[in-house]
Amino acid sequence: MLDLFLYNWQVRDDWFKWCEALSEEELRKERIGGVGSILKNLYHVIDCERLWVHHMQNKPVISTDFSSISSLDEVIAYAKETRANTEEFLKHWTSEDEEKRLELTNKKGVSYSFTYKKVLLHIITHEVHHIGQLSIWSRELGMKPISTDLIFRDYM
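Presented here is an overview of the structure given in this document. For every chain, the first residue of the written sequence is number 1, and numbering continues from 1 onward in sequence order. Under the rules for a predicted model, residues below a pLDDT of 70 receive no local features and side-chain atom pairs below 80 are neither given nor counted, while totals for whole chains, interfaces and linings still include all residues. No hydrogens and no water enter the side-chain calculation; it runs on all heavy atoms of the structure.

**Side note on the packing of aromatic side chains**
- Stacked, tilted and edge-to-face are the three classes applied to pairs of Phe, Tyr and Trp rings, where Trp contributes its six-membered ring and a pair requires centres within 6.5 Å; stacked means planes under 30 degrees apart, edge-to-face means over 60, and tilted covers the rest. Counting across every chain of the model gives eight aromatic pairs.
- Ring centres of F5 and W9 lie 5.6 Å apart, and the angle between their planes is 55°; this geometry places the pair in the tilted category. You can see F5 and its partner W9 sitting in helix α1 (residues 2-19), four residues apart, about one turn around the helix.
- With centroids separated by 5.9 Å and ring planes inclined at 10°, the aromatic side chains of Y112 and F114 adopt a geometry described as stacked.
- Overall, the relative accessible area of 38% leaves Y112 in the partly exposed class.
- Here the aromatic residues Y43, F66 and Y78 are joined through ring pairs into a cluster of three or more. In this text, helices come from DSSP runs of H or I with a minimum length of four residues, and strands from runs of E with a minimum of two, each type numbered from the N-terminal end. For every residue, the accessible area obtained with a 1.4 Å probe (protein chains only) is divided by the maximum for its type, and the residue is called buried under 20%, exposed over 50%, and partly exposed between those limits.

**Section: the side chain of R50**
- The topology assignment puts R50 in helix α3 (residues 38-56).
- Take R50: its relative accessible area is 10%, and that puts it in the buried class.
- Residue contacts are defined here by distance: any two heavy atoms, one from each residue, within 4.5 Å place the two residues in contact. Non-local contacts of R50, meaning those with residues more than four positions away in its chain, are made with I62, Y78, E81 and T82.

**Brief notes about the packing of α1 against helix α4 (residues 72-91)**
- Where α1 meets α4, the axes come as close as 12 Å, and the angle between the chain directions of the two elements is 170°. Taken together, the axes of α1 and α4 lie roughly antiparallel to each other. On α4, the residues that touch L2, F5, L6, W9, R12, D13, F16 and C19 of α1 are L72, V75, I76, A79, R83, T86, E87 and L90. Comment: axis = line fitted to C-alpha atoms, over the contacting stretch for helices; angle = value between 0 and 180 degrees taken between N-to-C directions. Roughly parallel refers to an angle under 35 degrees, roughly antiparallel to one over 145, roughly perpendicular to one between 65 and 115, and oblique to any angle outside these ranges.

Keep in mind these numbers describe shape, not what the thing actually does.
Here it is, written out as structure tokens:
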């Protein structure tokens, strides 16, 4: 599991560097697809990672309201804080943890039960999905997207 998180974090960091070439206006510009803008898309995957890991740690789930984020630097800081927590969680991960269950009830009162393994796989694939959206937007901007080819990355 850790390997795929390391891969996602490396790709995310490359997207952060890619974003430095854009103005704040371009980063915040509402677009079709994803969650609306490049900055929101990046923030969203980080926030979801934080939410799910906090649930598995039985920590309070406190996310930052996106409207309080005003720059790429703030999203990067949020990512570093979230990553440190996730790394700490994964450092203690064992094969026995895979079958632990996360029990949740949504706002409508519907209950769900997921294995921790399934939650981690969701976090990983959720980010991959949204990174694909960034690739589409980069091409719309006439820019080369970040390569996400796992086979050619040294992330372990």
